[in-house]
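Chain residues, written in single-letter form:
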Amino acid sequence: MELIQETSDLSAYLAADDVVDHHHPLVRETAARLARDSSDSYAYARSAFEFVRDTIPHSVDSGDPRVTWRASDVLEQRTGICHAKAHALAALLRAEDIPTAFCYQTFEVLHGLVAVRLDGAWHRQDPRGNKPGVDARFSLDGERLAFVPDPELGELDHPWLYAEPNPAVVGAMKAAPGCASLLRTLPLTL
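Residues numbered from 1 in each chain as written. Predicted model: local features only at pLDDT ≥ 70, side-chain atom pairs only at ≥ 80, totals over all residues. Heavy atoms only, no water.

Side note on the pattern of salt bridges
What the rule picks out here adds up to 10 salt bridges. Of the charged contacts, one joins Asp61 and Arg128 as a salt bridge, the two residues approaching to 2.8 Å between their closest N and O atoms. With Asp61 in helix 3 (residues 59-62) and Arg128 in the loop between strand 4 (121-125) and strand 5 (156-157), the pair connects residues that are 67 residues apart, well separated along the chain. Look at Asp61 and you get partly exposed, because its relative accessible area is 35%. For Arg128, a relative accessible area of 5% puts it in the buried group. Bridged by salt links that share partners, the residues Asp61, Arg128 and Lys131 form one connected network. (Salt bridge = Lys/Arg side-chain N within 4 Å of Asp/Glu carboxyl O. Helix = DSSP H or I, 4+ residues; strand = E, 2+ residues; numbered from the N terminus. Buried < 20%, exposed > 50% of the residue type's maximum accessible area, 1.4 Å probe, protein only.)

As structure tokens, then:
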């Protein structure tokens, strides 16, 4: 699948906002700690991906009812659904000047992931967290995502690379009193 940038301005994929708050002290501290042990941008991106994938449990998998949506909150509370974990990973990558986009797939609900721009190309990564039957890995050599859509079931891979998270997703996350209600109000598609 050919990935399509929403904007040709790469600086848009480095921006901070209320969701991707990469200037927050906790995001900066976490990024600096991960960067200390990384020899280059690739090693840092992989380390940030594995940190989010492996140390922040997916709320549904862990049964955690809390809803996080801001990157710094995801890092502080150590929980989040796929979208929240994508926000946290984007903040960590952007904190180290790695352009990062938001990407989506449609299954029963809209699934969130990111794409990183390394080696002159975009590469989608899915930090949702592994579990039996899910084995997402950081890769610039072919996608290793958590899920592969089945078009026969109406599932979709969306090719767009967005500079900001989907506003309907963020709105649902902000309004949800808990994870169970969030899953009922997340958009089904873009």
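A look at the layout of surface pockets
If a probe as big as a water molecule is rolled over the atoms, it shows which places are left empty. Its boundaries defined by the atoms lining it, the largest pocket holds a volume of some 390 Å³. Around the largest pocket sit 17 residues that line it, and Phe107, Val109, His111, Arg128 and Phe147 are the ones nearest its centre. Looking at the lining of the largest pocket, the elements with two or more residues in it are helix 3 and strand 3 (110-118). Looking at the lining of the largest pocket residue by residue, the classes come out as 10 nonpolar, 2 polar and 5 charged. (1 Å grid on protein atoms, 1.4 Å probe; cavity = no way out; pocket = protein on both sides within 12 Å on 5 of 7 lines; lining within 4 Å. Points joined across faces, edges and corners; volume = space filled by probe spheres on them. Nonpolar A, V, L, I, M, F, W, Y, C, P; charged D, E, K, R; others polar.)

Quick look at the pairing of strand 3
By the criterion of burial, strand 3 is predominantly enclosed, with 8 of the 9 residues buried. Judged from the 7 bridges that link them, strand 2 (residues 100-106) and strand 3 form a sheet pairing that is antiparallel. Residue pairing across strands places Gln105 opposite His111, the latter belonging to strand 3. Once strand 2 ends, the chain turns through 3 residues before running back antiparallel as strand 3. Between strand 3 and the antiparallel strand that follows it, strand 4, lie 2 residues; Asp119 among them carries a positive phi value of about 55°. (Pairing = 2+ DSSP bridges.)

Focus: the sheet that holds strand 5
Across the sheet, 4 strands lie side by side as 4-3-2-5; this open sheet has antiparallel pairing. Of all strands in the sheet, those with a lone pairing partner are strand 4 and strand 5, marking the two edges. Pairing of strand 2 with strand 5 involves 2 bridges; the strand directions are antiparallel. Residue pairing in the sheet places Gln105 in a bridge with Asp157 of strand 5.

Re the packing of aromatic side chains
Here the structure, examined in full by the defined rule, presents 5 aromatic pairs. An angle of 65° between the planes, with centres 5.0 Å apart, marks the rings of Tyr13 and Trp122 as edge-to-face. With Tyr13 in the loop between strand 1 (4-5) and helix 1 (25-36) and Trp122 in strand 4, the pair connects residues that are 109 residues apart, well separated along the chain. When its relative accessible area of 0% is taken as the criterion, Tyr13 is described as buried. A residue is classified by how much of its surface remains accessible, and Trp122, at 12% relative accessible area, is buried. Measuring from centroid to centroid gives 5.5 Å for Phe107 and Phe147, while their planes differ by 65°, and the two rings are edge-to-face. Remark: Phe147 occurs in the loop between strand 4 and strand 5 and Phe107 occurs in the loop between strand 2 and strand 3; sequence separation between them is 40 residues. The class of Phe147 is partly exposed, set by a relative accessible area of 28%. Through a chain of ring-to-ring contacts, three or more aromatic side chains come together here, namely Tyr42, Phe49 and Phe138. The ring centre of Trp69 lies 4.7 Å from the NZ or CZ of Lys174, which sits over that ring. (Phe/Tyr/Trp six-rings, centres within 6.5 Å; stacked < 30°, edge-to-face > 60°. Lys NZ or Arg CZ within 6 Å of the ring centre and 35° of its normal.)

Read these as geometric descriptors, not functional statements.
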